[in-house]
Amino acid sequence: MGDLKVGDIVARKSYGGDVYFKVTDIRELNGERVIILKGISYRIEADAPESDLIVLDDKNVTEYNSRINSIVSRKCREIQTSNHMARYRGGSKKLYYRNTPTDNARKFSRSGKILHVDGDNDYLENCLNQYRKFGLDVIGEFIPESEQPGKIYDLLRRHRPDILVLTGHDSVIKGDNNYSNIDNYRNSKYYIEAVREARRYEPDFDSLVIFAGACQSMYNAILKAGANYASAPYRVLIHALDPVFICQKVALSGIDKVLKPSDVISNTITGAEGIGGIETRGKYRNGFPLEPYNN
């Protein structure tokens, strides 16, 4: 199988081909080629001997993507329906006032500003597209996981977001189920350090809402470092768009509302096995009046 190359889509025979990966690097170890992998839909990073991999044809990849995308589409429809009902109930409806000195004055609204820092550039672009479909105010930064702790403080000072995402890829190292040892995770230590740096910038949990982690990340340690939401309580895989769905719920919930973790997590694809968190105040604000010069 020496023709395997960077960019190929593969599955691992030892795991029954359950997750599809992109080959991102090929290394030599003890005379055998070791293949570095990143999930194409889930935020997992792994390595495997070349002998354990099956190269997938376009038909298999198309069917896999179609199956995953149908789940994403269903979740997005649920969220859009929920947003529509909230607007119908008056959450962001424009109001007009008659017979007062402020004729035609209207309310305006502002959702929470999001800074999304991602260790995977492809996933970042997908996430930014989905944020924009939800009409959210977002800034994206592609920064490898190992560099996030050293850069996050300056990014927060520059962008001053209401919500911060620190994500990319992660996994528990195969063959070691000691989930309390930070050395058994590929990238969890970087998320933990980055969250601590973010809390050095803003210690208040409602002023800056933080989601951090990826597939199988060291959930409790990330929360202890200061995250509002983190992955993964049951060390499962999380979908690439799960951070978007977390942020959407927080960004479009009123500041007068304290969100239950279960309500926010129900917005995700993965659910409570993959993501957890603490009670957090929403970031959506109404204002009044809207100046008459806005187009």
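Residues numbered from 1 in each chain as written. Predicted model: local features only at pLDDT ≥ 70, side-chain atom pairs only at ≥ 80, totals over all residues. Heavy atoms only, no water.

> Explain the overall build of the chain here, please?
Of the regular secondary structure elements, the chain holds 7 helices and 15 strands. For a compact globule of 295 residues, the expected C-alpha radius of gyration is about 19 Å, and the chain comes in at 21 Å, within 12% of that figure. Taken over the C-alpha atoms alone, the chain extends approximately 85 × 45 × 30 Å along its principal axes. Across the 295 residues of the chain, 48% fall into the buried class. For the chain, the proportion of contacts with a sequence separation of at least 24, taken over those separated by at least 6, is 63%. (Helix = DSSP H or I, 4+ residues; strand = E, 2+ residues; numbered from the N terminus. Rg over C-alpha atoms; globule rule 2.2 N^0.38 Å. Buried < 20%, exposed > 50% of the residue type's maximum accessible area, 1.4 Å probe, protein only. Contact = heavy atoms within 4.5 Å.)

> Explanation requested: the environment of Ser109 in the structure shown.
Along the chain, Ser109 turns up in strand 6 (residues 108–110). On the basis of relative accessible area, Ser109 is assigned to the partly exposed category, the value being 37%. Taking the C-alpha atoms as reference points, Ser109 and Tyr153, 44 residues apart in sequence, are found 28 Å from one another. A distance of 2.9 Å separates a polar atom in the side chain of Ser109 from a polar atom in the side chain of Tyr284. (Polar contact = N/O pair within 3.5 Å; in protein donor to acceptor, adjacent residues only side chain to side chain.)

> Even after reading the chapter, I still don't get the sheet that holds strand 4 (residues 45–49), so can you show me in this structure?
As a general point, the strands of a sheet are linked pairwise by backbone hydrogen bonds and lie either parallel or antiparallel. Strand order in the open sheet formed by 5 strands is 4-3-2-1-5, with antiparallel pairing between adjacent strands. Two strands close off the open sheet at either side, each with one partner strand: strand 4 and strand 5 (53–55). Across the sheet, the mean angle from the axis of one strand to that of its neighbour is 45 degrees, orientation sign disregarded. (Pairing = 2+ DSSP bridges. Axes fitted to C-alpha atoms, helices over the stretch in contact; angles between N-to-C directions.)

> Please explain the pairing of strand 3 (residues 32–39) as it appears in this structure.
Where a strand is regular, its side chains alternate between the two sheet faces. In terms of residue burial, strand 3 counts as a mostly covered element, since 6 of its 8 residues are buried. Where strand 2 (residues 20–29) and strand 3 come together, 8 bridges link them in antiparallel fashion. Bridged to Phe21 within strand 3 is Gly39. The hairpin formed by strand 2 and strand 3 contains 2 residues between the paired strands, and Asn30 there has a positive phi angle of roughly 55 degrees. Across 5 bridges, strand 3 lies against strand 4 in antiparallel orientation. For Leu37, the partnering residue across the bridge sits in strand 4 and is Ala46.

> What should I look at first to understand the pattern of salt bridges in this one?
A side chain with one charge can pair with a side chain of the opposite charge if their charged atoms come near. As enumerated under the stated definition, the model contains 10 salt bridges in all. A salt bridge links Lys5 to Asp8; its shortest N-O distance comes to 3.1 Å. Using a relative accessible area of 12% as the deciding quantity, one classes Asp8 as buried. For Arg43, the salt bridge is made with Asp118, and the minimal N-O distance between the two is 2.7 Å. Taken as a pair, Arg43 in the loop between strand 3 and strand 4 and Asp118 in strand 7 (residues 114–118) lie far apart in primary sequence, 75 residues in all. No difference in accessibility class separates Arg43 from Asp118, as the two residues are buried. (Salt bridge = Lys/Arg side-chain N within 4 Å of Asp/Glu carboxyl O.)

> Teacher, can you tell me more about the side chain of Ser111 here?
Structurally, Ser111 is set in the loop between strand 6 and strand 7. Those residues in contact with Ser111 that sit more than four places away from it in its chain are Leu136, Asp137, Ala251, Leu252, Lys283 and Tyr284.

> Explain the environment of Asn228 here, please?
You can see Asn228 is positioned in the loop between helix 5 (219–225) and strand 11 (229–230). According to the relative accessible area criterion, Asn228 is buried, its value standing at 0%. Sequence separation of Asn228 and Ile210 is 18 residues, and the distance between their C-alpha atoms is 5.2 Å. With sequence-adjacent residues up to four places away left out, Asn228 is seen in contact with Arg199, Phe205, Leu208, Val209, Ile210, Leu223, Gly276, Gly277, Ile278 and Thr280.

> What's the story with the packing of aromatic side chains in this structure? I'm lost.
Here a ring pair, both rings aromatic, is described through the centre-centre distance and the interplanar angle of the planes. Applying the stated rule across the entire model yields 3 aromatic pairs. Ring centres of Phe134 and Phe245 lie 6.2 Å apart, and the angle between their planes is 65 degrees; on these two criteria the pair is classed as edge-to-face. Placement of Phe134 in the loop between helix 2 (121–133) and strand 8 (138–142) and of Phe245 in helix 6 (residues 242–251) is noted, with a sequence separation of 111 residues between them. Pairing Tyr153 with Tyr201 gives two aromatic rings, centres 5.8 Å apart and planes at 85 degrees, and the pair type is edge-to-face. With Tyr153 in helix 3 (residues 148–159) and Tyr201 in helix 4 (residues 188–201), this residue pair connects regions lying 48 residues apart in the sequence. The class for Tyr153 is partly exposed, based on a relative accessible area of 23%. In this structure, Arg12 packs its charged tip against the face of Tyr15, placed 3.8 Å from the ring centre. Between Arg199 and the ring centre of Phe205, over which it is positioned, the NZ or CZ distance is 4.2 Å. (Phe/Tyr/Trp six-rings, centres within 6.5 Å; stacked < 30°, edge-to-face > 60°. Lys NZ or Arg CZ within 6 Å of the ring centre and 35° of its normal.)

> When you look at the packing of helix 3 against helix 4 in this model, what are you seeing that I'm missing?
Two packed helices can be described by the angle between their axes and the distance between those axes. Two elements in contact, helix 3 and helix 4, have axes whose closest approach is 8 Å; the angle formed by their N-to-C orientations is 30 degrees. Comparing the axis directions of helix 3 and helix 4 gives the class roughly parallel. Crossing of helix 3 over helix 4 shows right-handed handedness. Judged by residue contacts, Gln148, Pro149, Ile152, Tyr153, Leu156 and Arg157 of helix 3 engage Tyr190, Tyr191, Glu193, Ala194, Glu197, Ala198, Arg200 and Tyr201 from helix 4. Considered class by class, the residues forming the contact of helix 3 with helix 4 number 9 nonpolar, 1 polar and 4 charged. (Parallel < 35°, antiparallel > 145°, perpendicular 65-115°, else oblique. Left-handed = near helix turned anticlockwise from the far one by under 90°. Nonpolar A, V, L, I, M, F, W, Y, C, P; charged D, E, K, R; others polar.)

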